[in-house]
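Listed here are the chains, written in short residue letters.
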Amino acid sequence: MPIQFDSVRSLERIEAWVARNHPDRLPFVRPGADACTLQRIEAKFGKALPSEIRLLYAAHDGQPEGAPALYLNQRWLPLDLVAVAWEDLCLRYGAGDELHLAALTGGQPLPHAAIWSASWLPLFGSPRGDHYCIDLRPERPDRDGQVIWFLYDQRDRTVVAQSIGELLLRVADGLDAGKWHLDDGYDGLSD
């Protein structure tokens, strides 16, 4: 059985660190999303969000504009922006699963390399269009919940964490240990 991490608690630790060390960079997160917003997003996405994601968004609906990025140079997106980013990616790359982008290889299909899956939910985003996505493919339980690094201009899709909880715990523990800091070059938290 996979280890469960308390995402909300890790986020509270991160927010407390920012408040102590960079009070001028507050607010760091937005107030929680209401039940209607969660239901509207689930209807748009066509499936229920995992309980960990629902709890996280019920506590805080992403980050406000201008807050330092939560993970490297990517801000945690409010649910409405998650929906916009997901729709945009589906329009660009298609809404099917395991889609391939032939343009990256001069018109040749990319064997075994998924460019986009409509089952990836972009929870983090950067201004240039990169995202950290949660993998929500029920047909692949071994991948369900993993965090995938989606770089719009590269074909590699790296798994950066096995869950959102693991990713947030990495940041919280890194800040507490002095290994992570607020990096002005990234305009966000970095190791």
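These figures come from a predicted structure and were not determined experimentally.

What counts, and at which threshold
Residues numbered from 1 in each chain as written. Predicted model: local features only at pLDDT ≥ 70, side-chain atom pairs only at ≥ 80, totals over all residues. Heavy atoms only, no water. Pairing = 2+ DSSP bridges. Helix = DSSP H or I, 4+ residues; strand = E, 2+ residues; numbered from the N terminus. Buried < 20%, exposed > 50% of the residue type's maximum accessible area, 1.4 Å probe, protein only. Axes fitted to C-alpha atoms, helices over the stretch in contact; angles between N-to-C directions. Contact = heavy atoms within 4.5 Å. Nonpolar A, V, L, I, M, F, W, Y, C, P; charged D, E, K, R; others polar. Expected span 1.5 Å × (residues − 1). Arc of directions from axis to C-beta. Phe/Tyr/Trp six-rings, centres within 6.5 Å; stacked < 30°, edge-to-face > 60°.

Caption draft 1: Inspection of the sheet that holds strand S3 (residues 131-135) at higher detail. The strand order across the open sheet formed by five strands is S1-S2-S3-S4-S5, and the pairing between neighbours is antiparallel. Among the strands making up the open sheet, the edge pair consists of strand S1 (75-76) and strand S5 (157-161). Here S1 pairs with strand S2 (residues 120-125) via two bridges, running antiparallel. Opposite arginine 75, over in S2, you have glycine 125 as the bridge partner.

Caption draft 2: Expanded view of the environment of serine 117. Here serine 117 shows up in the loop between helix H4 (79-93) and S2. Look at serine 117 and you get buried, because its relative accessible area is 0%. Residues serine 117 and leucine 136 lie 19 residues apart in sequence; the distance between their C-alpha atoms is 9.4 Å.

Caption draft 3: Expanded view of the packing of helix H1 (residues 7-21) against helix H3 (residues 51-59). At their nearest, the axes of H1 and H3 sit 9 Å apart, and the two run at 35 degrees to each other. Residues Ser7, Val8 and Leu11 of H1 pack against Glu52, Leu55, Leu56 and Ala59 of H3. For the contact of H1 with H3, the residue count by class is five nonpolar, one polar and one charged.

Caption draft 4: Spatial organisation of the pairing of strand S4 (residues 147-150). Both S3 and S4 contribute to a ladder of four bridges, which runs antiparallel. Residue pairing for S4: tyrosine 132 is matched across the bridge by tryptophan 149. Of the strand pairs in this sheet, S4 and S5 are connected by four bridges, and their pairing is antiparallel. Within S5, the position partnered with phenylalanine 150 by the bridge is arginine 157.

Caption draft 5: Layout of H4. Between its first and last C-alpha, H4 extends 21 Å over 15 residues, near the 21 Å set by a 1.5 Å rise per residue. Buried within H4 are the following residues: Leu79, Val82, Ala83, Ala85, Trp86, Leu89, Cys90 and Tyr93. For H4, the buried positions fall inside an angular range of 165 degrees around the axis, keeping them on one side. Within H4, the exposed residues directed more than 90 degrees away from the buried face are Leu91 and Arg92.

Caption draft 6: Broad picture of the packing of aromatic side chains. Using the criterion set out here, one finds nine aromatic pairs in the structure. Residues tyrosine 71 and tyrosine 132 carry aromatic rings whose centres are separated by 5.1 Å and whose planes lie at 85 degrees to one another, so their mutual orientation is edge-to-face. Remark: tyrosine 132 occurs in strand S3 and tyrosine 71 occurs in the loop between H3 and S1; sequence separation between them is 61 residues. Centroid distance tyrosine 93 to phenylalanine 150: 5.7 Å. Interplanar angle 65 degrees. Geometry classified as edge-to-face. Here the residue tyrosine 93 occupies a position in helix H4, and phenylalanine 150 occupies one in strand S4, the gap between them amounting to 57 residues. With a relative accessible area of 17%, tyrosine 93 lands in the buried category.

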